[in-house]
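Coordinate inspection notes
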Amino acid sequence: MTSNRYEISNEIYIDNLLTENDIPSLVKYLNNPTIYANTSHIPQPYTIKDGENFLSAIKSNLEPTLFFNIRLNETDEMIGGCGLQSLIKNDRIAEIGYWLGEPYWGRVFMSKVIGKVIEIGQIQWKNLVRIEAQIFTWNNGSRRVVEKCHFAYEGLLRKRVHKNGQDIDVYLYAYIIE
Ligand SMILES: CC(C)(COP(=O)(O)OP(=O)(O)OC[C@H]1O[C@@H](n2cnc3c(N)ncnc32)[C@H](O)[C@@H]1OP(=O)(O)O)[C@@H](O)C(=O)NCCC(=O)NCCS
């Protein structure tokens, strides 16, 4: 697969080629209690095997997904991820998911990345009209990020996620493509 690279800022870019060389970064950054607490599908502890499973899932592309690695310009190290997953057959509606390694929080990286991923999603999925974000109610940082990216708050989904034996309420946000 060829890699598409998209510039984001002087510090970071995104691309769509995840390789075995990225597994140490996945393990390094995803072994993080805050990332675990705020996401639905990332295992904890995050092992090399989890990284390998994720890599094969991305490679087999069974799910209709656009996934991007966030990388440092200086070293090409992967420091985060952001992806769109199509929720229905004709790619009309997608859900966005994202995480960033803790040392890089608060540098406006994710808001810039999400803006770019929405732009790419619109080009690649011609029918795309709606991008949803589901955010755990306590995750103020993530709410602020999507609000900054012009997602609108649509409501509270009660007990939407089941994780660790707990039913968790989430806020639903959506970005509408006119
Ligand atoms: C949420 C996350 C992606 C934010 O990434 P980031 O690059 O630090 O976000 P940005 O720097 O682009 O921040 C954008 C805005 O959100 C605010 N913000 C970011 N994190 C915040 C926090 N923890 N609390 C309050 N505000 C926060 C910033 O101050 C900024 O607002 P401003 O421009 O008005 O000052 C990152 O903290 C993360 O990966 N968290 C763990 C995983 C996660 O929550 N994923 C999302 C699941 S829905």
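Quantities reported herein were computed from a predicted structural model and do not represent experimental measurements. Within each chain, residue numbers correspond to sequence positions counted from 1 in written order. The model is predicted, so local features are restricted to residues of pLDDT at least 70 and side-chain atom pairs to those at 80 or more, both for listing and for counting; the totals for chains, interfaces and linings are taken over all residues. The side-chain numbers reported here are obtained from all heavy atoms of the structure, hydrogens and water having been left aside.

**Concerning the sheet that holds strand β7 (residues 152–163)**
For two strands to count as paired, DSSP must find a minimum of two bridges between them. A run of H or I in DSSP becomes a helix once it reaches four residues, and a run of E becomes a strand once it reaches two; helices and strands are each numbered from the N terminus. The 8 strands are arranged β1-β2-β3-β4-β5-β6-β8-β7 in an open sheet whose pairing can be described as mixed. Each edge of the open sheet is held by one strand with a lone partner, namely β1 (5–7) and β7. Averaged over all adjacent pairs, the angle separating strand axes in this sheet is 30°, with direction ignored. Contacts between helix α4 (residues 109–124) and the sheet are confined to β1, β2 (12–15), β3 (65–72), β4 (78–86), β5 (93–100), β6 (130–136) and β8 (166–176), with β4 contributing the most and set at about 35° to the helix. All axes here are fitted lines through C-alpha atoms, helices being fitted over the stretch that makes contact, and every angle between N-to-C directions spans 0 to 180 degrees. In this analysis, two residues are considered to be in contact whenever any of their non-hydrogen atoms come within 4.5 Å of each other.

**With respect to the side chain of E132**
Relative to the helices and strands, E132 resides in strand β6. For every residue, the accessible area (1.4 Å probe, protein chains only) is compared with the maximum for its type, and the residue is labelled buried under 20%, exposed over 50%, or partly exposed between those bounds. According to the relative accessible area criterion, E132 is buried, its value standing at 13%.

**As for the environment of N139**
Residue placement: N139 occurs in the loop between β6 and α5 (140–148). Separated by 38 residues in sequence, N139 and I177 have C-alpha atoms that sit 25 Å apart. Residues adjacent in sequence count toward polar contacts only when both atoms are side-chain atoms; beyond that, a polar contact is any pair of N or O atoms within 3.5 Å, and within protein one must be able to donate a hydrogen and the other to accept it. A polar atom in the side chain of N139 sits 3.2 Å from the backbone nitrogen of S142.

**Quick look at the packing of aromatic side chains**
Note on ring pairs: Phe, Tyr and Trp rings are taken, using the six-membered ring of Trp, and paired if centres are within 6.5 Å. Classes follow the plane angle, with under 30 degrees stacked, over 60 edge-to-face and the rest tilted. In the structure shown here, the tally under the stated rule is 8 aromatic pairs. Taken together, a centroid distance of 6.1 Å and an interplanar angle of 70° make the contact between Y29 and Y104 edge-to-face. With Y29 in helix α1 (residues 23–30) and Y104 in the loop between β5 and α4, the pair connects residues that are 75 residues apart, well separated along the chain. With respect to burial, Y29 and Y104 carry one shared label: buried. Ring centres of Y153 and Y171 lie 5.5 Å apart, and the angle between their planes is 75°; this geometry places the pair in the edge-to-face category. Taken together, the positions of Y153 in strand β7 and Y171 in strand β8 put the pair 18 residues apart, joining distant regions of the chain.

**Here's the deal with the site of the ligand**
Contacts to the ligand come from 20 residues, most closely from G106, V108, S111, N139 and K148. At 2.7 Å from an oxygen atom of the ligand is found a main-chain nitrogen or oxygen belonging to V108. Coverage of the ligand by the protein amounts to 73% of the 920 Å² it exposes when considered alone. Elements represented by at least two residues in the shell around the ligand include exactly α2 (33–38), β5, α4, β6 and α5. A per-element tally of the shell around the ligand places α5 first, with 5 residues. Gly is put with the polar residues, along with every residue not named as nonpolar or charged; the nonpolar set is Ala, Val, Leu, Ile, Met, Phe, Trp, Tyr, Cys and Pro, and the charged set is Asp, Glu, Lys and Arg. Considered class by class, the residues forming the shell around the ligand number 10 nonpolar, 7 polar and 3 charged. We call a residue near a molecule or strand when any one of its heavy atoms sits within 4 Å of it. Only the protein chains shown count as covering a residue, and every accessible area follows the Shrake-Rupley method with a 1.4 Å probe.

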